[in-house]
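# Residue-level structural notes
Okay, here's what each chain looks like letter by letter:
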Amino acid sequence: MKKRFLGGIAILGIALLVFTGCEKMPEAEIQQAQVAIDSAKAVGADIYMAEAFAGAQDTMKVAMEKIEEQNSKWFKKYSVAKAKLVVATTMANEIKEKTIVRKAELKAEIEATYAEVKALLEEDTQLLAKAPRGKGGAAIIEEIKTDIATTTEWIEAANTDIKDTEYLVVLDKMKAAKEKATSIKTELTEAIDKVAAAKRK
Amino acid sequence: MRRKRKLTLWVLSIFIIIGAVALYLFLTKQPAPLTETAVAREALSRAKNSKADIYAKESFAKAECLYDSAMNCWKRENRKQFYKRRDYTKVKTFATLSAQESQLAVAAALKKVNNFQVELKSKLEAARNMFNKYNSIFGDVPIPDKIRNENNRGQLLLNEAELAYKNEQFVACTQKAQEAEALLGRSYQYLKIHLQQYFNSYSTWKRQAEETINQSRARRSNAIVVDKFARKCYLYQAGNLKHQFTVELGPNWIGDKNHKGDKRTPEGQYKVTAIKSSNRTKFYKALLLNYPNAEDQARFNANRKNLPRYVGIGNLIEIHGDGGKQGDWTDGCVALVNSDIDILFRYASINMPVTIVGSLRPLSEILN
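If you're wondering where the values come from, they're calculated on a predicted model, not measured in any experiment. (Residues numbered from 1 in each chain as written. Chains lettered and ligands numbered in written order. Predicted model: local features only at pLDDT ≥ 70, side-chain atom pairs only at ≥ 80, totals over all residues.)

## Considering the overall build of chain B
A tally of regular secondary structure across chain B gives 11 helices and 8 strands. Compactness check: chain B gives a C-alpha radius of gyration of 42 Å against a globular reference of 21 Å for 368 residues, more than 25% above the reference. Dimensions along the principal axes, computed over C-alpha positions, put chain B at roughly 155 × 45 × 35 Å. A buried classification covers 39% of the 368 residues belonging to chain B. (Helix = DSSP H or I, 4+ residues; strand = E, 2+ residues; numbered from the N terminus. Rg over C-alpha atoms; globule rule 2.2 N^0.38 Å. Buried ≥ 20, exposed ≤ 12 C-beta atoms within 10 Å, placed from the backbone.)

Right, here's the structure in full:
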């Protein structure tokens, strides 16, 4: 009787093993991929590498669907999902690195443009000294000084406390200021040239 | 032997029963929602590529939420041990709705981007045209620092908005274009009001200039008309335009001269009272005018009480040389380049009429 009972239990156990499948959910891989995606986002991948980052997120979604697809089956095989998760993790890590590089490039570009604008404004100020002066020329010079002051204020404000998420915005601000500083330089150069031409006349 | 057969039969029956129960319990009621979720995910990805997350925010967020609900539902169903009890209807519904919403988001985003491109392009062009149109005037009109500062900031924002447009950042572009428009609009509005007030005297200017030209025609004599706004000096001979020269004025040239030191060039009908050659003026050559005339004196007397006691009406207003400095720099005189004053000198005589007006063209014509 005891033998029969044990036999029954053993059979039931085998049957349960067969029906409940074999492979375990790739929890570690999911965790790894999610951490990689989160850390890529934390460095600003969604802003500076938006398309590539969306691609990584999409791969993660595909992986999760593959997992649920297997979870819907009797015999679970997570190899495809695992492969996708590895791809998502690799993608996210690469994107993170690229984002850091891109941000450094943008920061360098901001610094270079800032220096360029500063130099242009310095040049404008020096040109002001050569600008046409008459009895009332000071008023015109004051006007141009206002232009230079506004532009200087603008770049200084843009260059202060640059947030990690704002490199592109700040770069555009610097470029806009560069355009303005260049137009002041053109205005001054033309005025100086005209005076020189009038003197020659 | 009989006992063994009995045992086999018994084991077989248990197997069959367990198998039947298991088949009943674990058999999936319906297929997993693979297609629906894949379609929803792809639609969501398309929506993201169309920048629906920026330009159709609500719709995109809804689509994303529906996809997440589908996935959560799917997980929940898959956690049920007995396959028979798993129901993917909701998953499929959520996924289908997500795909539909994504499509709507794509359409809305594309429409918005298209509208942005058309509207912003014309908005930026209008702002740039406004800037170009007014900027030449703006540079010549004395403007308070605050207004000039606003104009500068407006110009910087317009540059920024144009860059944002180029980079297809339409939301940022809209915001910057609006700010630029407001700042530029405000400074140009100030300019417009300022000029409109100034141009109230236009009919007088027109009449005075016509009188001078007609007089030149009738007397077959020479006359000078100075257009302050155009920075031009016209020399008439027997009513015909003989020469025109570029001039420079006092920096506060808008308005009539009221008193000494206001750096304004007077407006009115004057006469040459002295012809000064190089040894009599520090400005190469000069034609002295009879400023103040009776009208100037009367205006000065009327305003006298508003002025400090030591302020006089001023004098020594001339048309002189040494011009070509760019900008307006005189104390109220009219400056010409030396080669031009040489020409003017050939036609000049004592009592030669000189009419100085704000403008010969109406403001509407200048602003358009």
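## Some remarks on the overall build of chain A
A tally of helices and strands in chain A yields 7 helices and 0 strands. Mapped from its N terminus to its C terminus, chain A presents α and β elements in the order α-α-α-α-α-α-α. Residue burial in chain A is summarised as follows: out of 201 residues, 34% are buried. In chain A, the proportion of contacts linking residues at least 24 apart, taken out of those at least 6 apart, comes to 79%. (Contact = placed C-beta atoms within 7 Å.)

## So, helix α10 (residues 338-347) of chain B
Of all the positions in α10(B), only Asp340(B), Ile341(B) and Leu344(B) are classed as buried. Along the axis of α10(B), the buried residues cluster in a sector spanning 95 degrees; they form a single face. (Arc of directions from axis to C-beta.)

## Some thoughts on the pairing of strand β4 (residues 268-276) of chain B
As paired strands, β4(B) and strand β8 (residues 353-357) of chain B are joined by 4 bridges and run antiparallel to one another. Looking at the pairing, Gly268(B) lines up with Ile356(B) of β8(B). (Pairing = 2+ DSSP bridges.)

## Re unusual backbone geometry
Residues and elements named next belong to chain B. Cis rather than trans, the peptide bond between Tyr-291 and Pro-292 has omega equal to -5 degrees. With respect to the helices, strands and loops of the structure, Pro-292 is situated in the loop between β5 (286-289) and α9 (294-303). Of note, Arg-231 is a non-glycine position whose phi angle comes to about 55 degrees, a positive value. Looking at the element boundaries, Arg-231 is found in the loop between β1 (222-227) and β2 (232-237). For Arg-231, a count of 16 C-beta atoms within 10 Å translates into the label partly exposed. Positive phi, normally seen in glycine, also occurs at Tyr-284, with a value near 70 degrees. Owing to 19 C-beta atoms within 10 Å, Tyr-284 belongs among the partly exposed residues under this scheme.

## Here's the deal with the packing of helix α4 (residues 50-71) of chain A against helix α2 (residues 34-49) of chain B
Across the interface, α4(A) lies against α2(B) with an axial gap of 11 Å and an inter-helix angle of 175 degrees. Overall, the two elements α4(A) and α2(B) adopt an arrangement that is roughly antiparallel. In this structure, α4(A) uses Ala54(A), Asp58(A), Lys61(A), Glu65(A) and Glu69(A) to contact α2(B), whose residues at the interface are Leu34(B), Thr37(B), Ala38(B), Arg41(B), Ser45(B) and Lys48(B). Of the residues belonging to the contact of α4(A) with α2(B), the class tally is 3 nonpolar, 2 polar and 6 charged. (Axes fitted to C-alpha atoms, helices over the stretch in contact; angles between N-to-C directions. Parallel < 35°, antiparallel > 145°, perpendicular 65-115°, else oblique. Nonpolar A, V, L, I, M, F, W, Y, C, P; charged D, E, K, R; others polar.)

## A few points about the nonpolar core
By size, the foremost hydrophobic cluster in this structure holds 46 residues, and its most contacted members are Ala33(A), Ala56(A), Ala63(A), Ala88(A), Ala92(A) and Ala70(B). Listed by contribution, the elements that provide at least two residues to this core are α2 (27-42), α3 (45-48), α4 and α5 (79-130) of chain A together with α2, α3 (52-55), α4 (57-79) and α5 (89-140) of chain B. Here this core gets 8 residues from one element, more than from any other, and that element is α4(B). Among all residues touching Ala63(A), those that are not within four sequence positions of it are Ala33(A), Ala81(A), Lys84(A), Leu85(A) and Ala88(A). In this structure, Val247(B), Phe283(B), Ile341(B) and Met352(B) belong to the second largest nonpolar core, which totals 36 residues. (Core = buried A, V, L, I, M, F, W, Y, C linked by C-beta atoms within 7 Å.)

## Brief notes about the sheet that holds β8(B)
Taken in spatial order, the 8 strands make up an open sheet running β3-β2-β1-β8-β4-β5-β6-β7 (chain B), and their pairing is mixed. The sheet is open, and its two borders are formed by β3 (240-246) and β7 (334-335) of chain B, each paired with just one other strand.

## Brief notes about α5(B)
Every α-helical turn comprises 3.6 residues, leaving residues that sit three or four positions apart pointing alike. In a regular helix each residue adds 1.5 Å, so 52 residues correspond to 76 Å; α5(B) covers 74 Å between its end C-alpha atoms and thus fits that length. Largest kink in α5(B): about 35 degrees, centred on Tyr134(B). (Expected span 1.5 Å × (residues − 1). Bend = angle between axes of the 7 residues up to and from the residue.)

## So, the environment of Ile67(A)
Residue and element names in this part refer to chain A. When you line up the elements, Ile-67 lands in helix α4. For Ile-67, a count of 25 C-beta atoms within 10 Å translates into the label buried. For the pair Ile-67 and Ile-30, spaced 37 residues apart in sequence, the C-alpha to C-alpha distance is 9.8 Å. Contacts of Ile-67, omitting those with residues within four sequence positions, involve Met-25, Tyr-78 and Ala-81.

## Some details on the pairing of β2(B)
Residue and element names in this part refer to chain B. Summarising the sheet, β1 and β2 pair through 6 bridges and their orientation is antiparallel. Bridging from a neighbouring strand, Asn-222 pairs with Gln-237 of β2. What sits between β1 and β2 in their antiparallel hairpin is a turn of 4 residues, with Arg-231 showing a positive phi close to 55 degrees. In this structure, the hairpin formed by β2 and β3 is closed by a connection of 2 residues, where Ala-238 is found at a positive phi of approximately 50 degrees.

## Description of the domain arrangement of chain A
All names here are of chain A. Domain annotation for chain A reports domain 1 (21-101) and domain 2 (104-200). For domain 1 versus domain 2, the separation of C-alpha centres amounts to 48 Å. Listed by partner, the interface residues are 4 residues for domain 1 and 4 residues for domain 2. A class-by-class count of the residues in the side of domain 1 that touches domain 2 yields 3 nonpolar, 1 polar and no charged. (Domains from an automatic or database assignment.)

## Concerning the environment of Ala119(A)
Residues and elements named next belong to chain A. For Ala-119, the location among the structural elements is in helix α5. For Ala-119, a count of 11 C-beta atoms within 10 Å puts it in the exposed group. Note: C-alpha distance between Ala-119 and Ala-181 (62 residues apart in sequence) is 9.4 Å.

## Describing the confidence of the model for chain B
Put simply, chain B has an average pLDDT of 90, and 97% of its residues get 70 or more. Predicted complex, confidence summary: ipTM 0.78, pTM 0.75. (pLDDT = per-residue confidence, 0-100.)

## Thoughts on the environment of Met49(A)
Residue and element names in this part refer to chain A. Among the structural elements, Met-49 can be located in the loop between α3 and α4. What makes Met-49 buried here is the crowd of 23 C-beta atoms within 10 Å. Once the C-alpha coordinates of Met-49 and Ala-176 are considered, the two residues, 127 residues apart in sequence, prove to be 24 Å apart. Beyond its immediate stretch of four places on either side in the chain, Met-49 contacts Ile-95, Lys-98, Thr-99 and Arg-102.

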